[in-house]
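Geometric and topological summary
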Amino acid sequence: MSEQGFSTRAIHAGYEPDPQTGAVNVPIYASSTFAQDGVGGMRGGFEYARTGNPTRRPLEANLAAIEGGTFGRAFSSGMAATDCLLRSVLRPGDHLVIPNDAYGGTFRLIDKVFTQWGIEHTPAPMGDVAAVRAAIRPNTRLVWVETPTNPLLNIGDIEALSAMAHESGARIVVDNTFASPYLQQPLSLGADVVLHSTTKYLGGHSDVVGGALVTNDEELDTAFAFLQNGAGAVPGPFDAYLTMRGIKTLALRMERHSDNAEKVVDLLTGHPAVERVIYPGLASHPGHAVAARQMRRFGGMVSVRLKGGKQAALDFCSRTRIFTLAESLGGVESLIEHPGAMTHASTAGSELEVPEDLVRLSVGIEDAADLLADIEQALG
């Protein structure tokens, strides 16, 4: 299906109507085990739901298709996918380069858990290829890229970073959660692995938690499959169903998210209460040219720094009525948060600490006029 358009793949890849019932949606197979036709005689390759499930398998094929990849693996959360990737690629004594503004959960796992196993890491600005190259060591096995980053929306040049990492003998993973497969295709730009928190834009409705890894590398996928089964952090069938349902409307939602975000940025830019608006779609953004080259549009995430410092940021978060004060992102509803006290609290006191005057907006798909009015009154 790779020659078909994105929305066609999102709706159809991985599943055809059930031959017995004609069901156009993948059924929810709520079974923990599967009858075998004799010892070792598995029907359709299924034996136990941790190893494989007939609802999860179509999701994994769908994830691969929409990322332009060959192999897809689904997990119970984005952090489970992150853990599987790190344990598949790294061994004690290895080193990885991470963004100097990485997602707080990723940093916490690496800094607090993997360092205990002898894994070293160095933060570097992913928007500066020379700085990332300088962070590479002889024992570097992985370069971890977010683009746009969470929450400062910095942009990394995936093609340039991939070439640099491969020259150094390292693999490169791109966390594509903020962009989604609709807006950005890292594998086509040289990445070895794409990671998602499918909780976000792929699920899209704030009703399911999940993660994914997609690759074209069969050796890597074999390693992922071993840990997916061996460690068991797999999504249940209902979670897989909900994620597939969300993916079907991804293209439509990302267009609306982007439309609304652009209107929000227009309002915030030049607002007397605002110190700086951070959005890759702005020509003033240092990564704008790269983002315009590797992204279809600029997405629904907007960050803003407020005049008045931390208190002004906290006040803004407390005054919105349509933007819900909550962690996470990528759902149909608009969310607002203070990263320093919420999603990125684990980075406090480290090189990755985020500004205390920063507010992150996940712009939803409500009527734009209502979102703008809500921001106006909250800042007023």
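Read on for a plain summary of the structure.

Conventions and cut-offs
- Residues numbered from 1 in each chain as written.
- Predicted model: local features only at pLDDT ≥ 70, side-chain atom pairs only at ≥ 80, totals over all residues.
- Heavy atoms only, no water.
- Helix = DSSP H or I, 4+ residues; strand = E, 2+ residues; numbered from the N terminus.
- Pairing = 2+ DSSP bridges.
- Contact = heavy atoms within 4.5 Å.
- Axes fitted to C-alpha atoms, helices over the stretch in contact; angles between N-to-C directions.
- Buried < 20%, exposed > 50% of the residue type's maximum accessible area, 1.4 Å probe, protein only.
- Phe/Tyr/Trp six-rings, centres within 6.5 Å; stacked < 30°, edge-to-face > 60°.
- Lys NZ or Arg CZ within 6 Å of the ring centre and 35° of its normal.
- Salt bridge = Lys/Arg side-chain N within 4 Å of Asp/Glu carboxyl O.
- 1 Å grid on protein atoms, 1.4 Å probe; cavity = no way out; pocket = protein on both sides within 12 Å on 5 of 7 lines; lining within 4 Å.
- Points joined across faces, edges and corners; volume = space filled by probe spheres on them.
- Nonpolar A, V, L, I, M, F, W, Y, C, P; charged D, E, K, R; others polar.
- Parallel < 35°, antiparallel > 145°, perpendicular 65-115°, else oblique.
- Left-handed = near helix turned anticlockwise from the far one by under 90°.

**Considerations on unusual backbone geometry**
Here the bond from Thr147 into Pro148 is cis, since omega is -5°, no more than 30 degrees from zero. Examined against the element boundaries, Pro148 turns out to sit in the loop between β4 (140–146) and α6 (158–167). Cis geometry is adopted by the peptide bond preceding Pro151, which originates at Asn150 and carries an omega value of 15°. Topologically, Pro151 is positioned in the loop between β4 and α6.

**Some words on the sheet that holds strand β10 (residues 324–325)**
Working definition: the strands of a sheet are paired by backbone hydrogen bonds and lie parallel or antiparallel to each other. Taking strand neighbours across the sheet as the criterion, the five strands line up as β8-β9-β12-β11-β10 in an open arrangement whose pairing is mixed. One side of each edge strand has no neighbouring strand; the edge strands of this open sheet are β8 (274–278) and β10. Contacts from helix α10 (residues 250–268) reach β8, β9 (301–306) and β12 (358–362), with the element oriented near 15° to β9.

**Re the environment of Asn25**
Its location among the elements puts Asn25 in the loop between α1 (6–12) and α2 (56–66). According to the relative accessible area criterion, Asn25 is partly exposed, its value standing at 36%. Between the C-alpha atom of Asn25 and that of Tyr241, which follows or precedes it by 216 residues, the distance is 8.6 Å. Setting aside residues up to four positions removed in sequence, Asn25 forms contacts with Tyr15, Tyr241 and Lys248.

**Examining the packing of aromatic side chains**
Evaluated as defined, the whole model comprises five aromatic pairs. Ring geometry for Phe6 against Tyr182: centres 5.3 Å apart, planes inclined by 65°, an arrangement best described as edge-to-face. One end of the pair, Phe6, is in helix α1; the other, Tyr182, is in helix α7 (residues 180–183), and 176 residues separate them in sequence. The class of Tyr182 is buried, set by a relative accessible area of 10%. The cationic tip of Arg296 hangs over the ring face of Tyr182; the distance from NZ or CZ to the ring centre is 4.0 Å.

**Some remarks on the sheet that holds strand β7 (residues 211–215)**
Judged by pairing direction, the sheet is mixed, and its seven strands sit side by side in the order β1-β7-β6-β5-β4-β2-β3 without closing on themselves. On the outer flanks of this sheet lie β1 (71–75) and β3 (120–124), each paired with one strand and no other. Going from strand to strand, the sheet's axes swing by 20° on average, the running direction of each strand aside. In the sheet, strand β2 (residues 95–99) pairs with β3 via five bridges, with the strands oriented parallel.

**Let's talk about the pattern of salt bridges**
Taken as a whole and judged by the stated rule, the model has 17 salt bridges. Asp221 serves as the salt-bridge partner of Arg73, at 2.9 Å between the closest nitrogen and oxygen. Residue Arg73 is found in strand β1, and its partner Asp221 is found in helix α8 (residues 218–231); the two are separated by 148 residues along the sequence. For the salt bridge of Glu120 with Arg137, the shortest nitrogen-to-oxygen distance reads 3.1 Å. Of this pair, Glu120 sits in strand β3 while Arg137 sits in the loop between α5 (129–135) and β4, and the two are 17 residues apart along the sequence. A single salt-bridge network, built from bridges that share partners, covers Glu255, Asp259, Glu262 and Arg297.

**Some points on the layout of surface pockets**
The volume enclosed by the largest pocket comes to roughly 380 Å³. Surrounding the largest pocket, 26 residues form its lining, Met79, Tyr103, Asn150, Ser197 and Lys200 being those nearest its centre. Sorting the residues of the lining of the largest pocket by element identifies α3 (78–89), α4 (104–113), β4 and β6 (193–197) as the ones contributing at least two each. Looking at side-chain class alone, the lining of the largest pocket contains nine nonpolar, 11 polar and six charged residues.

**Focus on the packing of α3 against α4**
Close contact between α3 and α4 brings their axes to 11 Å; oriented N to C, the two are set at 40°. Overall, the two elements α3 and α4 adopt an arrangement that is oblique. Helix-helix and strand crossings are classified by hand; for α3 and α4 the assignment is right-handed. Across the interface between the two elements, Met79, Thr82, Asp83 and Leu86 from α3 touch Gly105, Thr106, Leu109 and Ile110 from α4. Across the contact of α3 with α4, the residue classes tally to four nonpolar, three polar and one charged.

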